[in-house]
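# Architecture and fold: a report
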Amino acid sequence: MTTLIVEVMTASGCIRCKRAKALAKKVIAELDDDRLLYREVNVIEELDYAVALGLLSTPAIVLNGEFVFSSLPSAVKLRQAIFERLG
Amino acid sequence: MIRIGEVVAVLGISADTLRYYEKIKLLPRVYRNGSGIRLYSDKDLSRLRFIRRAQRMGFSLDEIRQLLGFRENPQKAKPKVRELAYQKLAEVDLHLAELGTLRNELRLLTNLCGTSPDGCPILDKIDDKL
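Notes on the structure in this doc start here.

Criteria and thresholds
Residues numbered from 1 in each chain as written. Chains lettered and ligands numbered in written order. Predicted model: local features only at pLDDT ≥ 70, side-chain atom pairs only at ≥ 80, totals over all residues. Heavy atoms only, no water. Helix = DSSP H or I, 4+ residues; strand = E, 2+ residues; numbered from the N terminus. Expected span 1.5 Å × (residues − 1). Buried < 20%, exposed > 50% of the residue type's maximum accessible area, 1.4 Å probe, protein only. Arc of directions from axis to C-beta. Contact = heavy atoms within 4.5 Å.

All names here are of chain A. Counted at 1.5 Å a residue, the expected span for helix H3 (residues 75-86) with its twelve residues is 16 Å, and the 16 Å between its end C-alpha atoms agrees. Ala75, Leu78, Ala81, Ile82 and Leu86 are the residues of H3 that are buried. When H3 is viewed along its axis, its buried side chains cluster within an angular range of 135° and face the same direction. Along H3, the residues that are exposed and aim more than 90 degrees away from the buried face are Val76, Lys77 and Glu84. Looking one or two places after H3, you find Gly87, whose phi comes out positive at around 80°.

This is how it looks when you write it as structure tokens:
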């Protein structure tokens, strides 16, 4: 089974990060697919990872290690990006 | 052509160091006017900028001397000097990659600092390291 890890890149004091986390959780719950895994990444705690991805601000959404959204996407766009990668 | 004081002001290299470079032949003999005052040409300045950059990269004066020869005449450089140039090129590339990572890290941290209403993550990160 090919899994897809949806990572929400967050930081303390980032107001829109809460919305990004809520959005990702909602989309994952709606898709109800066992292949989907959710992870929250505090960029300060995982700074090397965030920098290697090319992250410049939060929130951002990373799919299987690929920096896909540099800002808060719509639910439709996030769902579409997930579908494309799940195949 | 400019005087030594202007070179000091433009490049931030002291007059003593400029005279020393000439003495050890890192810089060819600088032109003197009728009163014996040194006048530096654009070519001299270009060479001095190269020396300064290379020194900042941590190259020794002897290595810089060889690289300057290479710079003057790359086609006729000896294999040993070419090898040194390749080796130094690799070091510069590595340095650039490290600088790029540092730039991105600082850019991310400054962006986070600018948007955080209750503190600055840069300071938190520095605190963690102390």
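Here the narrative resumes, following the displayed structure.
Bringing the environment of Arg71 of chain B into the picture now. By the element assignment, Arg71 of chain B lies in helix H4 (residues 61-72). Sequence-distant contacts of Arg71 of chain B, defined by excluding residues within four places in its chain, comprise Ser46, Arg47, Phe50 and Arg53 of chain B.

Attention shifts here to helix H3 (residues 42-56) of chain B. Residue and element names in this part refer to chain B. Between its first and last C-alpha, H3 extends 21 Å over 15 residues, near the 21 Å set by a 1.5 Å rise per residue. Here H3 has its buried residues at Asp44, Leu45, Arg47, Leu48, Phe50, Ile51 and Ala54. Just past H3, the residue Gly58 takes up positive phi, approximately 90°.

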